[in-house]
Amino acid sequence: MLRLIAAIASLLAVLLIQIRGSEILNDAHIYRSFASNEIVPDVVDEAPDCWLRVAYKSGREAEGGNRLTPTQTRTVPSLSFNTNERSFYTLLMTDPDTPSRDDPRDREFVHWVVGNIQGNDLDRAETLVEYVGAVPPKGSGMHRFVFLLYEHENRLNFTTEVRLSNRCRNPRRYFSTRNFAQKYGLTNLWAGNFFQAQYDDYVAQLQGQLSECTSADLNGPRNGTVFGG
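These numbers come from a predicted model, not from an experiment.

### Regarding unusual backbone geometry
Along the chain, Thr 98 connects to Pro 99 via a cis peptide bond; the corresponding omega equals 0°. Tracing the backbone shows Pro 99 in the loop between strand 5 (88-95) and strand 6 (109-117). Following Arg 107, the chain continues into Glu 108 via a peptide bond in cis, with omega recorded as -5°. Even without glycine at this site, Glu 38 takes up a positive phi of about 60°. Unlike most non-glycine residues, Tyr 174 shows phi in positive territory, near 65°. Relative to the elements of secondary structure, Tyr 174 occurs in the loop between strand 8 (143-152) and helix 3 (177-183). Exposure remark for Tyr 174: the relative accessible area of 44% places this residue in the partly exposed category.

So, in structure tokens, the structure goes:
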């Protein structure tokens, strides 16, 4: 009996080591992915602590830099992440490679911003920027599309920010994740993910949807906003 107890204890110890090792490996993987793909430092200074699950209706998911197509990412994805019951979360999706990774003079192009998320319920959160899928110009090569989720204790006041529809193009250019995070005191990068995509035929359709928006389209002038032009 003592030998059996000792054997079980030994087996449990081995399993615990394997589980802890797997958790460490997973953590290291997100750090390596963000660094090797230069999201650190192009977009943020440090990688998040855990992965944000991003799943599309096409059946594809963002998987730390895997390649998807604009057609596969045309619809608003579903997100899932571990939450703290009393916390709020703010989500950004951004492309730092505009017009191309070799010449990112328009960095960044913001694709989606949702603030004051509670739980995983985006429907009751504040959408500042409506979702626009991957829209890399023809011949511009591969772009990185980065999802960042920040945790914060209190509800944020976004009244000075414009609300961008999925038809507005111009204010999405020259966005800065760092400036947005600094303005709202977002210091806890809770989760993240990214995929890469290049031009396909759907991009032309999406480009036709986007137009240069006036102040009337943007619910007033962009005083105090962190969005570009």
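### Digging into the packing of aromatic side chains
This structure, assessed with the given rule, holds 11 aromatic pairs. Counting every residue linked through ring pairs, the aromatic cluster contains Tyr 56, Phe 145, Phe 147 and Phe 195.

Cut-offs used in this document
- Residues numbered from 1 in each chain as written.
- Predicted model: local features only at pLDDT ≥ 70, side-chain atom pairs only at ≥ 80, totals over all residues.
- Heavy atoms only, no water.
- Helix = DSSP H or I, 4+ residues; strand = E, 2+ residues; numbered from the N terminus.
- Buried < 20%, exposed > 50% of the residue type's maximum accessible area, 1.4 Å probe, protein only.
- Phe/Tyr/Trp six-rings, centres within 6.5 Å; stacked < 30°, edge-to-face > 60°.

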